[in-house]
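What follows is each chain in one-letter form.
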Amino acid sequence: MNDLIGLEYCWGAHPSDGRNKTDCFQLVCEIRTRLGLSDYSEKFSWAYWLYNEQTLRPTRLARWLIHEGERIKVPRVGAVALLAEPDNAALGTVTDQGLICIAPGSRVVCIPVERVGAHYFWVD
């Protein structure tokens, strides 16, 4: 997972597409794949067809997670984290190293889970 740290944010970019960029959804998919879990990318492709980074609202992400997953109180490896602020939302993934997500500075970081205020979901 260390190779993901430091990647730049770019809407629709995937960590393995050679651009050294990613968005939060593609980052979650990549991490879950590496963990041997489903990446559910086919279930989320609608977001790229219907929205852009300015129009995809936090409530839409939350509704999707509630519909596709189960909210959990105790984060575990592979859980998807919804990091939400009033006008912005991002997804992250719990790993054995911490929560990997895109920080406000637009780079991928790893943060200790206990230092992050997030809502956690288990998505099959």
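Presented here is a report on the structure given in the accompanying data block.

Rules and cut-offs
- Residues numbered from 1 in each chain as written.
- Predicted model: local features only at pLDDT ≥ 70, side-chain atom pairs only at ≥ 80, totals over all residues.
- Heavy atoms only, no water.
- Salt bridge = Lys/Arg side-chain N within 4 Å of Asp/Glu carboxyl O.
- Helix = DSSP H or I, 4+ residues; strand = E, 2+ residues; numbered from the N terminus.
- Buried < 20%, exposed > 50% of the residue type's maximum accessible area, 1.4 Å probe, protein only.
- Polar contact = N/O pair within 3.5 Å; in protein donor to acceptor, adjacent residues only side chain to side chain.
- Core = buried A, V, L, I, M, F, W, Y, C linked by side-chain atoms within 4.5 Å.
- 1 Å grid on protein atoms, 1.4 Å probe; cavity = no way out; pocket = protein on both sides within 12 Å on 5 of 7 lines; lining within 4 Å.
- Points joined across faces, edges and corners; volume = space filled by probe spheres on them.
- Nonpolar A, V, L, I, M, F, W, Y, C, P; charged D, E, K, R; others polar.
- Phe/Tyr/Trp six-rings, centres within 6.5 Å; stacked < 30°, edge-to-face > 60°.
- Lys NZ or Arg CZ within 6 Å of the ring centre and 35° of its normal.

Re the pattern of salt bridges
In this structure the tally under the stated criterion is 3 salt bridges. Across the pair arginine 34 and aspartate 3 runs a salt bridge whose closest N-O atoms are separated by 2.7 Å. Linking arginine 34 in helix H1 (residues 24–34) with aspartate 3 in the segment before strand S1 (8–9), this pair joins segments that are 31 residues apart in sequence. Measuring nitrogen to oxygen at the nearest pair gives 2.9 Å for the salt bridge that ties glutamate 30 to arginine 34. Within this pair, glutamate 30 and its partner arginine 34 are both found in helix H1, separated by 4 residues, close to a single helical turn. By relative accessible area, arginine 34 is classed as partly exposed at 36%.

Considerations on the environment of aspartate 3
Taking C-alpha positions, aspartate 3 is 25 Å from alanine 84, a pair spaced 81 residues apart along the chain. Within polar-contact distance, the side chain of aspartate 3 engages the side chain of arginine 34 at 2.7 Å.

Some points on the nonpolar core
Within the largest apolar cluster, 37 residues are counted, with the highest numbers of intra-cluster contacts made by Phe44, Leu65, Leu91 and Leu99. For this core, the elements supplying multiple residues, two or more each, are H1, helix H3 (46–50), helix H4 (58–68), strand S4 (80–85), strand S5 (88–94), strand S6 (99–102) and strand S8 (119–123). Here this core takes 6 residues from H1, the largest share from any one element.

Some details on the layout of surface pockets
Any empty space left between the atoms is revealed when a probe the size of a water molecule rolls over them. Roughly 680 Å³ of volume is contained in the largest pocket. For the lining of the largest pocket, the secondary-structure elements that each account for two or more residues are H1, H4, S4, S5 and S6. A breakdown of the residues in the lining of the largest pocket according to their chemical character gives 19 nonpolar, 4 polar and 5 charged.

Side note on the packing of aromatic side chains
Applying the stated rule across the entire model yields 0 aromatic pairs. The ring of tryptophan 122 has arginine 32 lying over it, and the distance from NZ or CZ to the ring centre is 5.5 Å. The residue whose ring lies beneath arginine 76 is tryptophan 122, and the NZ or CZ to ring-centre distance is 4.1 Å.

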